[in-house]
Amino acid sequence: MDRPMRSMGLIIAPKLKQRRGTLSSLDEAIELHRCALGYYPLAYYDRCLSLNNLAICHRVRFKQRGMLADLDEAINLHRAALSLYSPDHPNRPLFLNDLGISLRDRFRRRGLLSDLDEAIGFHRAALALCPLGHSSRFPSLNNLAVSHRIRFEQRGFQADLDKAIEHHRAVLALRSPSHSHRSLPLNNLAISLRVRFEQRGVLSDLEDAIRLHRDALALRAPGHSNRPSSLDNLAISLRIRFEQRCIRADLDGAIEHHRAALVLCPPGHPRRSSSLQNLAICLRVRFEWQGVLTDLVEAIELQRTALALYPPHHCDRSSSLHNFAISLRLRFEWVCVLAYLDKAIKLQQAALALYPPYHSDRSSSLNDLAISLRHRFKQQRAPSDLDQAIEHHRAALLHCLPTHSRRSLFLNNFAISLQVRFEQRGVQADLDEAIKLHRTAVTLRPMCHSDRSSSLSILAYSLRFSFECKGVLADLDKAIELQRAALALYPPAHCDRALSLNDLAVSLRDRFKQQGILSDLNESVELHRAALALAPPGILIDPYRFQQRSVLPDLKEAIKLHRAALKLRPKGHSDRSSSLNNLANSLRDRFQQRGVQADLDKAIDLHQAALELCPPHHSDQSMFFNNLAISLRARFEQRGILSDLEEAIMHHRAALALRPMDSCDRVTSLNNLANSLRDRFRQWGVMGDLDEAIKLYRAALEICPPGHSDLSLSLNNLAVSIRDRFEYQDTLSDLNEATELHHAALELCPMGHSDRSSSLNNLANGLRDRFQQQGVQADLDKAIELHQAALALCPPGHSDQSMLLSNLALSLHDRYKQLGILSDLEQSIELFRGALMHCSTGHSDRSVYLHSLAVSLRDRFDQKSLSSDLDDAFSCYLQLPQVSHGVSRSDLRAAKSWAVFAEELQHGSALVAYQTTMEFLDRHLAVLSSSPHLFDMVREAASSVALDAFSCSVRHGALLTAVELVEQGRAVFWTHLARLRTPVDEISASGTAGEALAEEFRQISFRLRRALDTSLEDRFPQVQKLTMQWDDVILRIRMLPGCSRFLLPPLFSDLQKAAEHGPVIIVNASKYTCDALIILDGHDPIHIPLDITRPEVSELASEFWSLTDRVGSSDDHLELLKIVGVLRQLWKRIVGPIVQILKRFIQPDSRIWWCPTAEFTLLPLHAAGPYEKKSKNLSRFYISSYTPTLAALIHARQHVLGFVAIGQANPDMGKELRCVAPELAEVAQRVAHITSFTSLEDSNATVRGAFNAISQNQWLHLACHGMPNQRQPFESSFAMRDGPLMIKDIIQVHWQNPEFAFLSACHTTVGDEKSPDESIHLAAAMQFSGFRSVIGSMWSVNDDVIRQIVSAFYDNLVHDSGRLDCTLAAEALHKVVKSLHKKISLEQRIVFVHIGV
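Every residue gets a number counted from 1 within its own chain, in the order that chain's sequence is written. With the structure being a predicted model, the display of local features is reserved for residues of pLDDT at least 70 and the display and counting of side-chain atom pairs for 80 or more, all residues being used for whole-chain, interface and lining totals. Neither water nor hydrogens contribute to the side-chain values; these are computed over all heavy atoms in the structure.

Trainee: Tell me what's going on with the overall build of the chain, and back it up with residues and numbers.
Mentor: A tally of helices and strands in the chain yields 62 helices and 14 strands. In this scheme, a residue with accessible area under 20% of its type's maximum is buried, one over 50% is exposed, and one in between is partly exposed, where area comes from a 1.4 Å probe on protein chains only. Looking at the chain residue by residue over its 1397 residues, the buried ones come to 58%. All accessibility values rest on the Shrake-Rupley procedure with a 1.4 Å probe; residue burial counts only the protein chains present in the view. Entry remark: accessible area of the chain is about 55,600 Å², with carbon and sulfur atoms responsible for 53%. Starting at the N terminus, helices and strands are each numbered in turn, a helix being any DSSP run of H or I of at least four residues and a strand any DSSP run of E of at least two.

What follows is the structure, given as structure tokens:
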């Protein structure tokens, strides 16, 4: 090669350096090098140099474009160049270093440790050829040091890092303070010292690193090409020191230096992308510290710009994607916009795809992607996200060497995801593996490691969580020990010290809850205060100490801090819902302390706001549901608003559904839902609620291991519910089990335990119950002792104080009744007064306390005869009408007791007591009584109150009130169900507004009927909404002219309309008197006292029914004579006196309607008479009909005909009826020619067939078996071919304008044996369903005579005009009885009765 060609090859590199920023120039340089290489012989010296220069160009282009082929080519060229040099060639160290650098670059791209090991080998070889004073010793030492540091970062061998620092110091020693290249070794040494600080936590290393970076920066004056990198490196070290000491100047200085570096890297500069990234990371750190959203927004924009500068295959593109994703994930955490998290995951997946399988950074990429997937799982609850996250965590560990510097971080993150899965699925193996991984992470972070404190804290958290799930106190003790060790490692100003203080405080609080050691609680609060002082935006004082000590300043401070935290979390902040929830909890605590209703209302509003901000399936959603439900239940307890209790149950169910089996929080949800169901049982008395509550309590106990912090609570709750069941069912085994559970619960609540007062109270109640059952005095004495101890533990003003005072008073009152100790009575009175003082006017238990105080005052009156005691007792009762909340069974019982008390003492408040009781009854049953399966509760609530109220009113001369009260308190079920079917024609007549309201009422009533037909536990959400709409439309209707009393209990002026077509006689039997009241049109009621008592009426009814049951026996004549005897008694003592009065007002053969109550409903008043020659029976005077209530009769008179005759002679169950077909033929013969007639017989007479036929016709004749069920009256039925047509099915159908029903079946007017006044029987069901006129039977009907009765009846029913008229039904039946007087027996003549118009 001649000299010119050689010189051309030598000048390419300098030109390349001058034009390095232009890729086209780089491509040109490579082509020139390749051309030059062609001119050099294989063994020519300059060929080595040209190969090396060409390799360097390829490496530079790789760094620009990221094409791995360039780097592979560079390494191959370096190897070729090196092979041409002899071992002793003076340039060999240079070529060895260049090959080592390229191998190191390939390691960074591919992650093959063999490349890095080989690079170190070449750097060592180069250094061995460079003795002291050699010109290449400086780069050889420096390159070897850098490679050692990189290998340390991969394998975690401390020797590599120490060796790197040693070599960097040696490099620095080769450059004098004034040397132009001294800045490079200063910078590299600083970086290695910073890495060692991050590994060992020796702060002097970080301080030295910062000093060295400053020295390097000073040597790189403005204009120096490497000044941007010095600014960035110094900034990174300052940021790390900020993270240790939290000195704001460090962070601000770091950002300032990064901005200065960026200014020096204008667009097109090769370092611009890395400067953008560095500044973005620092801004992100400041955002995490200060919460200024503009910092995060700027960071994201910087990272977006940086990413755009990296072409698709650039070696740094993956790290740019990774950092951009972290910032987006952080923004998601702040604003809760899922799109940010989805974008972050896509970026991380793209970054992962750029890493080859064994790349050194692949494990980090897997780890960060797993974290983002875990975050998304917490938002969307997609199991695949969590499973994929765990899979990525495992892969990250698999690609991470045991000694890798980040392995401990990967272990912790993996453990956190496993713990999240445990919380969701309850698989114990996940939690155990998580703790094991956390322990391993701690062992990888020795005492000097900067992140050891973090590992200790995370392990402690997992152990505390394990304690919450398993209840093993050793786990909590170990957690506290670890948290103390972690706290000791944080210097006073460390950023994470506040969190460490807070975590230790929470654990100490948990231990206090378990063991009751007050020093734990006090230390906990002081630690919270210290944490708050360090980190105002995020650490909040826990109000728990207030809950234990009731020190109002504690609570006041807690609320103030929660308000401050809420201000720091504006709308859109990811933690705003948490702050809303915390503030709500503290306001609820303050309400429980001070009783200010506004606090509780505000708490509920805040809970609802928190829940609304929480996206579906978020990990906190169950907690927010639970807390809102607790506050709603608290408001129900204060005000008795049933909708609050129902909503609480709904939210507790939602919380429970989000908490998987074996979840630690599931115990809490099970208990809370059960508590609310138990409250509803106590309110309504539905046994299904109590049974479900007990089932839930037992489920909570099953997953609550020994030692669990909620174990005592679960035991107590179950015991209380079992005791409730004992009171309801009187099963002694329940009481014994409850007492044992209370004992077990108390043993778990030592002195100082937060639940000890409650546990003492519950055990005392159980012992008192057992005393009342078994009469063992020791039980009652112990109960009093325990009540006193419970009260002593309750701080003044506590929300439970009134309950504890009342319970102690009840036990003392019991002892007074047992032993007669007057001091016990005196003390109980004072305690009851105290309970009322601490009980707000709207409190749900206030009526109970008033009643209990009244009873005690009466007992003292009996002892001392002080009129003031009696006055005070009735003064208590007179406060009952002030009840403003939804009326409970307890309220109703208190009002009933008042009425009984007033009756016994003939007190002037008796009538007010009955009026209050009837009002309470109406309010209590407003929704409940609309569903048949709640009839037992209706029966218990109504009992005989209306009958006694009628008697009291009559005795006070208030006859109009007597009618109103008996009407309000009888047939309660039908009355309330009829509210949903009320005609609205009058409302429609009120103009356009009336028509709209009428239609709205019809639609809501229809939907509410449908909703009430569902099960109690499923119906609430819909029923609550519909009930509120229904109440609202009723209020608006009442504002219309003439509609002010819409759906209110009717006044006498309204009820008197029932007598427009003839008198109605109310015959009432009360334990006080028996009376008749004749209601006449246009005349005041007429009172007729009856010379008979209720027991005598009951005895007469029993005798009559026993006689009808024996009709058909061998001595038939004798039985008939006895029946006549009963009918004579009815005439003499009841019906005769009434007829004497009726003669003054109506003509013979007039219509009259009987409205009997109590046992009178079981007697054939229509058949009464002297049954003597020359004397007339009632049927000779008047035509009798019956009506269960006056309103039912009025409704029946409020007015196409189609007639259907249904006959079933061969039912699914029951004997064959021979006369059904002939009977239907008789009906057809008499009515088919005057109206549309349909006959349904045998196989066509099914349940569905009957429903369809009745719904399409207005007249019905039904011939079949009647199947009364006196114990379950709603299951009384007509027997069809395929099964029973039951009352509960009939009343759910809204028939179209039904007119008349002839029920040719047995016992169709026989109802519930325990509550005859409710008239729950087949005939009443037909009348309720809309049939204006109904014929039914009181007992068995003889098949042989039924045809005679039916044919004669329909002959008399057809109007003179040739049409059917249901108003003639009573007269037609009356004529039949007369015409068959000598043809059929007496009991068959009088078996049928008429109900309606």
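Trainee: How would you sum up unusual backbone geometry? Please name residues and give values.
Mentor: Residues apart from glycine generally show negative phi values, whereas peptide bonds are mostly found in trans. Not every positive phi belongs to a glycine, and glutamine 906 is a case in point at roughly 50 degrees. If you trace the backbone, glutamine 906 turns up in the loop between helix H42 (889–905) and helix H43 (910–924). Using a relative accessible area of 74% as the deciding quantity, one classes glutamine 906 as exposed. Within the chain, aspartate 1149 stands out as a residue other than glycine whose phi angle is a positive 65 degrees. Position of aspartate 1149 relative to the elements: it lies in the loop between helix H53 (1116–1142) and strand E4 (1150–1156). What makes aspartate 1149 partly exposed here is its relative accessible area of 44%.

Trainee: Lay out the packing of aromatic side chains in plain terms, naming residues and giving numbers.
Mentor: Classification of ring pairs rests on two measures: the distance between centres of Phe, Tyr or Trp rings, Trp counted by its six-membered ring, which must be within 6.5 Å, and the angle between planes, read as stacked under 30 degrees, edge-to-face over 60 and tilted in between. Under the counting rule described, the total for this entry stands at 17 aromatic pairs. Between phenylalanine 1181 and tyrosine 1182, the aromatic rings sit 6.2 Å apart at their centres with planes inclined by 35 degrees, giving tilted as the arrangement. Both residues of the pair, phenylalanine 1181 and tyrosine 1182, count as buried. Look at phenylalanine 1300 and phenylalanine 1353: their rings are 5.8 Å apart centre to centre, the planes differ by 15 degrees, and that puts the pair in the stacked class. A residue pair is termed long-range when its members are at least 10 positions apart, and phenylalanine 1300 in strand E12 (residues 1300–1304) and phenylalanine 1353 in helix H60 (residues 1343–1357) qualify at 53 residues.

Trainee: Please give an account of the sheet that holds strand E9 (residues 1266–1267) that cites residues and values.
Mentor: Strands sit in the order E9-E10-E11 across an open sheet of three strands; the sheet is antiparallel. Looking at the sheet topology across the chains shown, the edges are occupied by E9 and strand E11 (1283–1286). Together, strand E10 (1277–1280) and E11 form the strand contacts of helix H57 (residues 1247–1255), whose direction differs from that of E11 by roughly 35 degrees. A pair of strands is considered paired only if DSSP assigns at least 2 bridges between the two. In this description, contact between two residues means that some pair of their heavy atoms is separated by no more than 4.5 Å. Helix axes are fitted only over the stretch in contact, all axes being lines through C-alpha atoms; the angle between N-to-C directions runs from 0 to 180 degrees.

Trainee: Outline the packing of helix H45 (residues 945–955) against helix H46 (residues 959–969), supporting the account with residue identities and numerical values.
Mentor: Angle between the axes and distance between the axes are the two parameters that describe a pair of packed helices. Orientation of H45 relative to H46, taken along the N-to-C sense of each, is 180 degrees, at an axis distance of 8 Å. In this view, H45 runs roughly antiparallel relative to H46, as classed from their interaxial angle. In contact with Ala946, Ala949, Phe950, Ser953 and Val954 of H45, H46 contributes Leu959, Thr961, Ala962, Val963, Leu965, Val966 and Gly969. Tallied by class, residues from the contact of H45 with H46 come to nine nonpolar, three polar and no charged. Note on terminology: angles under 35 degrees are roughly parallel, angles over 145 are roughly antiparallel, angles of 65 to 115 are roughly perpendicular, and the others are oblique. Only Asp, Glu, Lys and Arg are considered charged, only Ala, Val, Leu, Ile, Met, Phe, Trp, Tyr, Cys and Pro nonpolar, and every remaining residue, Gly among them, polar.

Trainee: Which residues make up the environment of arginine 329, and what values do they have?
Mentor: Positionally, arginine 329 belongs in helix H16 (residues 317–335). A relative accessible area of 10% places arginine 329 in the buried class. Once the C-alpha coordinates of arginine 329 and serine 372 are considered, the two residues, 43 residues apart in sequence, prove to be 7.0 Å apart. Discounting residues that sit within four places of it in the chain, arginine 329 has contacts with Leu341, Ala344, Gln348, Asp368, Ile371, Ser372 and His375.

Trainee: Describe the pairing of E10, and please don't skip the residues or the numbers.
Mentor: What you see with E10 is no split at all: Ser1277 and Ala1279 on one side and Phe1278 and Met1280 on the other are buried throughout. By the bridge criterion, two bridges tie E9 to E10 in an arrangement that is antiparallel. Paired with methionine 1267 across the two strands is serine 1277, which belongs to E10.

Trainee: Just give me the short version of the environment of serine 318, but keep the residues and values in it.
Mentor: On the secondary structure map, serine 318 appears in helix H16. When its relative accessible area of 4% is taken as the criterion, serine 318 is described as buried. Along the backbone, serine 318 and aspartate 361 are 43 residues apart, and their C-alpha atoms lie at a distance of 9.3 Å.

Trainee: Tell me about the pattern of salt bridges, residues and numbers included.
Mentor: Salt bridges are defined by distance alone: a side-chain nitrogen of Lys or Arg within 4 Å of a carboxyl oxygen of Asp or Glu. Applying the stated criterion across every chain yields a total of 57 salt bridges. A salt bridge links arginine 698 to glutamate 737, with the shortest nitrogen-to-oxygen separation between them at 3.1 Å. Separated by 39 residues along the polypeptide, arginine 698 in helix H33 (residues 687–702) and glutamate 737 in helix H35 (residues 732–747) bring together distant segments of the chain. Accessibility expressed as a relative area gives 32% for arginine 698, which makes it partly exposed. The partner of glutamate 1299 in a salt bridge is arginine 1332, and the shortest N-O contact between them spans 3.1 Å. Residue glutamate 1299 is found in the loop between helix H58 (1287–1290) and E12, and its partner arginine 1332 is found in the loop between helix H59 (1322–1328) and strand E13 (1333–1337); the two are separated by 33 residues along the sequence.

Trainee: Explain the packing of helix H10 (residues 183–200) against helix H11 (residues 203–219) to me, using residue names and the numbers behind them.
Mentor: Axis separation between H10 and H11 bottoms out at 8 Å; the angle between their running directions is 160 degrees. The pairing of H10 with H11 is recorded here as roughly antiparallel in orientation. Handedness of the H10/H11 crossing: left-handed. Of the residues in H11, those in contact with Ser183, Leu186, Asn187, Leu189, Ala190, Ile191, Leu193, Arg194, Arg196 and Phe197 of H10 are Leu203, Asp205, Leu206, Asp208, Ala209, Leu212, His213, Asp215, Ala216 and Leu219. Considered class by class, the residues forming the contact of H10 with H11 number 12 nonpolar, three polar and five charged. It is the rotation of the near helix from the far one that decides the hand of a crossing: anticlockwise by less than a right angle makes it left-handed, clockwise makes it right-handed.

Trainee: A description of the nonpolar core should follow, citing residues and the corresponding values.
Mentor: By convention a nonpolar core is built from buried Ala, Val, Leu, Ile, Met, Phe, Trp, Tyr and Cys residues, the set being connected through side-chain atoms within 4.5 Å. Core analysis: the biggest nonpolar cluster contains 138 residues, and Ile1206, Phe1278 and Phe1353 have the highest contact counts within it. With residues up to four places along the chain from it excluded, the contact list for phenylalanine 1278 reads Leu1262, Cys1264, His1265, Gly1283, Pro1284, Leu1285, Ile1290, Leu1303, Ala1305, Thr1308, Leu1322 and Met1326. Grouped together as the second largest cluster of nonpolar side chains are 59 residues, Leu850, Tyr914, Val945 and Ala946 included.

Trainee: So what about the pairing of strand E3 (residues 1083–1089)? Which residues, and what values?
Mentor: Direction of pairing for strand E2 (residues 1074–1080) relative to E3: antiparallel, over a ladder of five bridges. Of the residues in E3, the one forming a bridge with aspartate 1075 is proline 1089. Here E2 hands over to E3 after two residues, with glycine 1082 in that stretch at a positive phi of 75 degrees.

Trainee: Report on the environment of isoleucine 1004, specifying residues and quantitative values.
Mentor: Along the chain, isoleucine 1004 falls in helix H49 (residues 991–1012). Expressed as a C-alpha distance, the spacing of isoleucine 1004 and glutamine 1029, which sit 25 residues apart in the sequence, is 7.3 Å. With residues near it in sequence (within four places) discarded, isoleucine 1004 still touches Leu1026, Gln1029, Trp1030 and Val1033.

Trainee: Can you break down the side chain of histidine 1307 residue by residue, with the values?
Mentor: Its place among the elements puts histidine 1307 in the loop between E12 and H59. In this structure the side chain of histidine 1307 is engaged in a polar contact, spanning 3.2 Å, whose partner is the side chain of serine 1340. We define a polar contact as two N or O atoms separated by no more than 3.5 Å, with the added condition that, inside protein, one atom must be a possible hydrogen donor and the other a possible acceptor, whereas residues neighbouring each other in sequence contribute only through side-chain atom pairs.

Trainee: An account of helix H30 (residues 621–639) is needed here, citing residue identities and associated values.
Mentor: Count 3.6 residues to each turn of an α-helix, and residues three or four apart come out pointing the same way. The end-to-end C-alpha separation of H30 is 27 Å, in line with the 27 Å expected for 19 residues at 1.5 Å each. Taken across its 19 residues, H30 has 15 buried, putting it largely inside the fold. Between the first and last residue of a helix there are one fewer steps than residues, each counted as 1.5 Å, and that sum is the expected span.

Trainee: Please set out the confidence of the model for the chain residue by residue, giving values where relevant.
Mentor: Note that predicted coordinates carrying low pLDDT should not be read in detail. How sure the predictor is of each residue is captured by pLDDT, a score from 0 to 100. Put simply, the chain has an average pLDDT of 81, and 85% of its residues get 70 or more. Per-element mean pLDDT across the chain ranges from 38 in helix H1 (residues 3–10) up to 95 in E2. Across residues 929–933 the pLDDT falls below 50, and counting only partners more than four positions away or on other chains, this stretch makes 17 contacts in the model.

Trainee: Kindly report on the side chain of serine 275, identifying the contributing residues and their values.
Mentor: Relative to the assigned elements, serine 275 resides in helix H14 (residues 272–290). At 3.1 Å, the side chain of serine 275 forms a polar contact with the side chain of aspartate 232. Here serine 275 is in contact with Asp232, Ala261, Leu262 and Cys265, once residues within four sequence places are set aside.

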